[in-house]
Amino acid sequence: MELNGYRIMWLFVFFDLPTETKKDRRNASGFRNNLLKDGFSMMQYSVYVRHCASGESADVHEKRIHKLLPPSGKVSILRITDKQFGNILNFWGKETLPSAPQPTQLELF
């Protein structure tokens, strides 16, 4: 199978988790730490992103996230192609930041 910008996927995980109690904070922190262990990178405080070499790989990570869901709060997952990800614009104040470098990893199963 040839890797191309339409088959390679990016997963975004957006979440809004409660932090009122010590247990809520522990659940939120555990969820973030599990995302990091699964290869996600923090893009913003409640937005994490991960490169997946294929739709099948994205399916696996979506299932893992489903198993890691905290007992309360909102979690959303967005899947986009590498081509779509390449159009992202990042701003730091009024200054445009360059897009994140595209990974050149090869996943073998």
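Residues numbered from 1 in each chain as written. Predicted model: local features only at pLDDT ≥ 70, side-chain atom pairs only at ≥ 80, totals over all residues. Heavy atoms only, no water.

Student: Help me out: how do you make sense of the pattern of salt bridges in this one?
Tutor: Should the charged atoms of two oppositely charged side chains come close, the side chains can pair. This structure, assessed with the given rule, holds three salt bridges. Arginine 64 is the partner of aspartate 38 in a salt bridge, and the nearest nitrogen-oxygen pair spans 2.6 Å. In this pair, aspartate 38 is assigned in the loop between helix H1 (22–37) and strand S2 (41–44) and arginine 64 in helix H2 (residues 55–68), connecting sequence segments 26 residues apart. The exposure class of aspartate 38 is buried, given its relative accessible area of 10%. Residue classification places arginine 64 among the partly exposed residues on the basis of a relative accessible area of 40%. A salt bridge links aspartate 59 to arginine 79; the nearest nitrogen and oxygen atoms lie 2.6 Å apart. (Salt bridge = Lys/Arg side-chain N within 4 Å of Asp/Glu carboxyl O. Helix = DSSP H or I, 4+ residues; strand = E, 2+ residues; numbered from the N terminus. Buried < 20%, exposed > 50% of the residue type's maximum accessible area, 1.4 Å probe, protein only.)

Student: What exactly am I supposed to notice about the UniProt feature "binding site: Mg(2+)" (unreviewed entry) in the protein here?
Tutor: According to UniProt, the "binding site: Mg(2+)" (unreviewed entry) feature falls on Asp16. The exposure class of aspartate 16 is exposed, given its relative accessible area of 59%. What aspartate 16 contacts, discounting residues up to four positions off in sequence, is Gly73 and Lys74. (UniProt positions renumbered as here; feature names shortened; annotations may be inferred. Contact = heavy atoms within 4.5 Å.)

Student: Help me understand the sheet that holds S2, please; the structure alone is not making it clear to me.
Tutor: Sheets are built from strands paired through backbone hydrogen bonds, the pairs being either parallel or antiparallel. Strand order across the open sheet formed by four strands is S2-S3-S1-S4, with antiparallel pairing between neighbours. Pairing within the sheet leaves two strands with one partner each, and these edge strands are S2 and strand S4 (74–81). Adjacent strand axes in the sheet meet at a mean angle of 30 degrees when their direction is disregarded. As paired strands, strand S1 (residues 9–16) and strand S3 (residues 47–52) are joined by six bridges and run antiparallel to one another. Bridge pairing links phenylalanine 12 to valine 49 in S3. (Pairing = 2+ DSSP bridges. Axes fitted to C-alpha atoms, helices over the stretch in contact; angles between N-to-C directions.)

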